[in-house]
Every structure is written in C-alpha cells, then in structure tokens.
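# Coordinate inspection notes
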Amino acid sequence: LLNVGGHRFETSLQSLTSVPHTYFASLFSGRFELTSDAKGAYFIDRDGKNFHNILNFLRDSGSFKLSSNIMEELPRDELTVELEFYGLLD
C-alpha cells in the first residue's frame, strides 16, 4: 500500500520492483529502514494525481504505452518530471 501525496494505491512488491535500478527497486531493496503509517502504507512525498500512469508502467513495463488522450490531458513536462524522479526514463 502506497500513499503518494495523499492518494492511496494498492499494488504488489513485484510490480514496484519489476524494473531494476529505479526508485522503487532501490527503496525496497532492504538497504533502507522503511516505516509505514498506521494503515500500513508507505508515504511518498510526490503529487499523486498522476501516479496511476507510473504504476501502470511498472505493472506492464514491457508493453505499456501512454494513450494520446493522456498526453493531451497531462502536460508532458509534468509526466516527464515524474518518470525521471522514479528512474523510468533512459
């Protein structure tokens, strides 16, 4: 369970760590002491309104494509900043 800027997301550790050398692969590598809130969620201090795009990418990283309507609704720079933060851009 993740709390990204007040938005809660349920996913698996396998999904979060599916792409090596990313924010989540590092975060959940065991090298850091993590604490969850009372509901078991790990807080990430980022804007959560677009995190579903990041999560969908991680869930299906081999074939995930952003639809053109997402790119029209979401400023490209905003998504690029988030992708870079999570280490998902080459």
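Preceding this section is the structure that the text describes.
Calculation notes
- Residues numbered from 1 in each chain as written.
- Predicted model: local features only at pLDDT ≥ 70, side-chain atom pairs only at ≥ 80, totals over all residues.
- Heavy atoms only, no water.
- 1 Å grid on protein atoms, 1.4 Å probe; cavity = no way out; pocket = protein on both sides within 12 Å on 5 of 7 lines; lining within 4 Å.
- Points joined across faces, edges and corners; volume = space filled by probe spheres on them.
- Helix = DSSP H or I, 4+ residues; strand = E, 2+ residues; numbered from the N terminus.
- Buried < 20%, exposed > 50% of the residue type's maximum accessible area, 1.4 Å probe, protein only.
- Contact = heavy atoms within 4.5 Å.
- Salt bridge = Lys/Arg side-chain N within 4 Å of Asp/Glu carboxyl O.
- Pairing = 2+ DSSP bridges.
- Axes fitted to C-alpha atoms, helices over the stretch in contact; angles between N-to-C directions.

## Structural notes on empty space enclosed by the protein
Inspection of the entire model under this criterion finds 1 cavity of 30 Å³ or more. Residue lining of the largest cavity: Asp-47, Asn-50, Phe-51, Ile-54, Leu-79, Glu-82 and Tyr-86, and that is the complete set. Counting residues per element, the ones that place at least two in the lining of the largest cavity are helix 3 (51-59) and helix 5 (76-85).

## Quick look at the side chain of Thr-22
Along the chain, Thr-22 turns up in the loop between helix 1 (13-16) and helix 2 (23-27). On the accessibility criterion, Thr-22 (5% relative accessible area) is buried. Here Thr-22 is in contact with Leu-16, Tyr-86, Gly-87 and Leu-88, once residues within four sequence places are set aside.

## Overview of the pattern of salt bridges
Taken as a whole and judged by the stated rule, the model has 3 salt bridges. Between Arg-46 and Glu-82 there is a salt bridge whose closest N-O contact spans 2.8 Å. Here Arg-46 is found in the loop between strand 3 (42-44) and helix 3, whereas its partner Glu-82 is found in helix 5, with 36 residues between them in sequence. Given the relative accessible area of 13%, Glu-82 is considered buried. For the salt bridge of Glu-78 with Lys-49, the shortest nitrogen-to-oxygen distance reads 3.8 Å. With Glu-78 in helix 5 and Lys-49 in the loop between strand 3 and helix 3, this residue pair connects regions lying 29 residues apart in the sequence. The exposure class assigned to Glu-78 is partly exposed, which follows from its relative accessible area of 25%.

## Digging into the environment of His-21
Relative to the elements of secondary structure, His-21 occurs in the loop between helix 1 and helix 2. Residues His-21 and Tyr-86 lie 65 residues apart in sequence; the distance between their C-alpha atoms is 9.5 Å.

## Looking at the sheet that holds strand 3
Strand order in the open sheet formed by 3 strands is 2-1-3, with mixed pairing between adjacent strands. Across the chains shown, the open sheet's two edge strands, defined by having one partner strand only, are strand 2 (7-9) and strand 3. Within the sheet, the average angular offset between the axes of one strand and its neighbour, ignoring direction, is 25°. Where strand 1 (residues 2-4) meets strand 3, 3 bridges bridge the pair, whose relative direction is parallel. Paired with Asn-3 across the two strands is Phe-43, which belongs to strand 3.

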